[in-house]
Amino acid sequence: MSPPVAPPGWSRWLVPPAALSVHLSIGQAYAWSVFKPPLESALGLSGTQSALPFQLGIVMLGLSAAFGGTLVERNGPRWAMTVALVCFSSGFLLSALGAATEQYWLIVLGYGFVGGIGLGIGYISPVSTLIKWFPDRPGMATGIAIMGFGGGALIASPWSAQMLESFGSDSSGIALAFLVHGLTYAVFMLLGVLLVRVPRTVKPVAAGPDVSEGVQVSARSAVRTPQFWCLWVVLCMNVSAGIGILEKAAPMITDFFADTSTPVSVTAAAGFVALLSAANMAGRIGWSSTSDLIGRKNIYRVYLGAGALMYLLIALFGDSSKPLFILCALVILSFYGGGFATVPAYLKDLFGTYQVGAIHGRLLTAWSTAGVLGPLIVNWIADRQEEAGKHGAALYGTSFGIMIGLLVVGFVANELVRPVHPRHHHVPAQREADDVRRQQPESA
């Protein structure tokens, strides 16, 4: 599938909506918690078991982005969005079959494995194209698209809850909800497939520096640099800290205030989850746009340094002040989202635009690691503390201390980032020419 090249006069502002149609769809992953209680009740699952499709999906996101990143660069955004559409929607259809037949392994296979591949390919599908269209504002451009992934739960969460209420929360109702998701998201993602375009030449039509100038590093060379692995640690630590709250948000706020005079109701806890999704989404566009002004390294100093401070405030005073708990959690989630949206521009600054999508895909293995690490720390320690007879905020004190430590490690890794050594800059001219030729239509 040849990548469609924009005709003369085509507006670059049509690319972000194309990316959003994909990211808003795959952002449903953040609303998985809506299905956890019905699945546990209908299929007799534990909390750990019901989290497995989400965890596997995040693992496959990182792995498929890493292994598919070069293919995305070679074949273009339309091919990538099509693969994402097929895998993500098929994952829901397999899950629907699994729920209908009460075969949980099919839900894990469908949503976690097949759908997770769609998550990874879909997530990186527009990144390189957006950076080439917006060389003057790469943080803002990628932030707009990746904002959709953070905000997808704002749509999916109430929509899924309403379907489960209408269809029923038994296995047949869950199956029907999965089926509707799969078909609806296929149509919505198709809009992005049809709309996306690449620039006519390697030099974008927008005003900005020629992308053939400056640092240009291949994906193969990038993974051999200390800068790549420093950023890997930075992203992993930032994601672990954010997803640790996000995955257990509703029970966490309920536990924190269970022993106070103002306990949190189930409805209020759901509202808290929605607020976190909004903060996640707002951080992706707000903080990434700010990075265009103050620089990527400085914005990550904010994410990691201020994030550690927010965790400390929650650990010390969170159970005595509900507004403080909520505010700190919202800030942490805004940093979580901002970190995702800023990292493609950080990679562009360090390695150039040549194969930046493939480099980004490899970096997202940090997300796979964090997707397991963050929830594991919070859930495992909370379970152990509960077994020891503790309750309320005491369930989370140790895990929050660990999160602070992780953020400090990320802060140090960010400080170690330096410009890439010139020996990694060279890109073989013939290979670059071949890649450019692939990006042109056959009639060009």
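Remember, it's a predicted structure, so these values are computed and weren't measured experimentally. Here the residue index of a chain counts from 1 through its sequence in written order. In keeping with the predicted nature of the model, local features appear solely for residues at pLDDT of at least 70, side-chain atom pairs appear and are counted solely at 80 or more, and the whole-chain, interface and lining totals rest on all residues. Here the side-chain values reflect all heavy atoms present in the structure, with hydrogen atoms and water set aside.

Peer 1: Give me the packing of helix α16 (residues 356-363) against helix α17 (residues 365-387): which residues, what numbers.
Peer 2: Axis definition: a line fitted to C-alpha atoms, limited for helices to the stretch in contact. Angles are taken between N-to-C directions and run from 0 to 180 degrees. Strands are runs of DSSP state E lasting at least 2 residues, helices are runs of H or I lasting at least 4, and numbering of each runs from the N terminus. In the contact formed by α16 and α17, the axes pass within 4 Å of each other and the chain directions differ by 20°. Put simply, α16 runs roughly parallel to α17. Where α16 abuts α17, its residues G361, R362 and L363 lie against T365, A366 and W367. Along the lines of polarity and charge, the residues of the contact of α16 with α17 split into 3 nonpolar, 2 polar and 1 charged. For classification purposes, angles smaller than 35 degrees are called roughly parallel, those larger than 145 roughly antiparallel, those between 65 and 115 roughly perpendicular, and all remaining angles oblique. Two residues form a contact once any of their heavy atoms are found within 4.5 Å. Under the scheme applied, nonpolar residues are Ala, Val, Leu, Ile, Met, Phe, Trp, Tyr, Cys and Pro; charged residues are Asp, Glu, Lys and Arg; polar residues are all the others, including Gly.

Peer 1: So what's going on with the side chain of S160? Which residues, and what values?
Peer 2: If you trace the backbone, S160 turns up in helix α8 (residues 138-167). Apart from the residues lying within four places of it in its own chain, the contact partners of S160 are V34, F35 and H181.

Peer 1: Give a description of the pattern of salt bridges that names residues and reports values.
Peer 2: Salt bridge, as used here, is a side-chain nitrogen of Lys or Arg placed within 4 Å of a carboxyl oxygen of Asp or Glu. Throughout the structure, instances matching the rule amount to 6 salt bridges. D136 is the salt-bridge partner of R12, the closest N and O atoms lying 3.1 Å from each other. In this pair, R12 sits in the segment before α1 (15-26) while D136 sits in the loop between α7 (127-133) and α8, placing the two residues 124 residues apart along the sequence. Relative accessible area serves as the criterion here: at 13%, R12 is assigned to the buried category. For D349, the salt bridge is made with R296, and the minimal N-O distance between the two is 2.7 Å. Here R296 lies in helix α14 (residues 296-317) and D349 lies in helix α15 (residues 322-351), a separation of 53 residues in the sequence. Exposure classes here rest on a 1.4 Å probe applied to the protein chains alone. A residue is buried below 20% of its type maximum, exposed above 50%, and partly exposed in between. Take D349: its relative accessible area is 39%, and that puts it in the partly exposed class. A single salt-bridge network, built from bridges that share partners, covers R12, D136 and R137.

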